[in-house]
Amino acid sequence: MSDTVRVYVNGRGVDAPSGASCLDAVRLMEPDEADAIAAGRRAIADSRGLAIASDTTVHGGAIYRTISNRARSAGDA
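This section reports on the structure supplied with the text. The shown structure was predicted, so the numbers you read here are calculated from the model rather than taken from an experiment.

Quick notes on the side chain of Asn69
- When you line up the elements, Asn69 lands in the loop between strand E5 (63-68) and helix H3 (70-76).
- On the basis of relative accessible area, Asn69 is assigned to the buried category, the value being 19%.

Shown next, in the form of structure tokens:
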């Protein structure tokens, strides 16, 4: 079994540790985006554009995109 899995974050491939969260994968590529997700200003979407929990475990070939966290932003206004 491999120690890493290939996933894609905002269109770029990254090898994330097996068992890592999608937030961990984002952090490998874009640390500032990961900080914004952790703070609730951004969110992670799957390949269909649906928001997913940041603690979702990565799997080979997964596609993640960072998106605006509109639900949080609307509630803060």
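As for helix H1 (residues 22-29)
- If you check which residues of H1 are buried, you get Cys22, Leu23, Ala25 and Val26. All buried residues of H1 lie within an arc of 155° about the axis, which places them on one face of the element.
- Along its buried surface, H1 packs onto strand E1 (4-9), strand E2 (12-17), helix H2 (31-38), strand E3 (42-45), strand E4 (51-52) and E5.

Criteria and cut-off values
- Residues numbered from 1 in each chain as written.
- Predicted model: local features only at pLDDT ≥ 70, side-chain atom pairs only at ≥ 80, totals over all residues.
- Heavy atoms only, no water.
- Helix = DSSP H or I, 4+ residues; strand = E, 2+ residues; numbered from the N terminus.
- Buried < 20%, exposed > 50% of the residue type's maximum accessible area, 1.4 Å probe, protein only.
- Arc of directions from axis to C-beta.
- Contact = heavy atoms within 4.5 Å.

No statement about biological role is implied by the geometric values presented.
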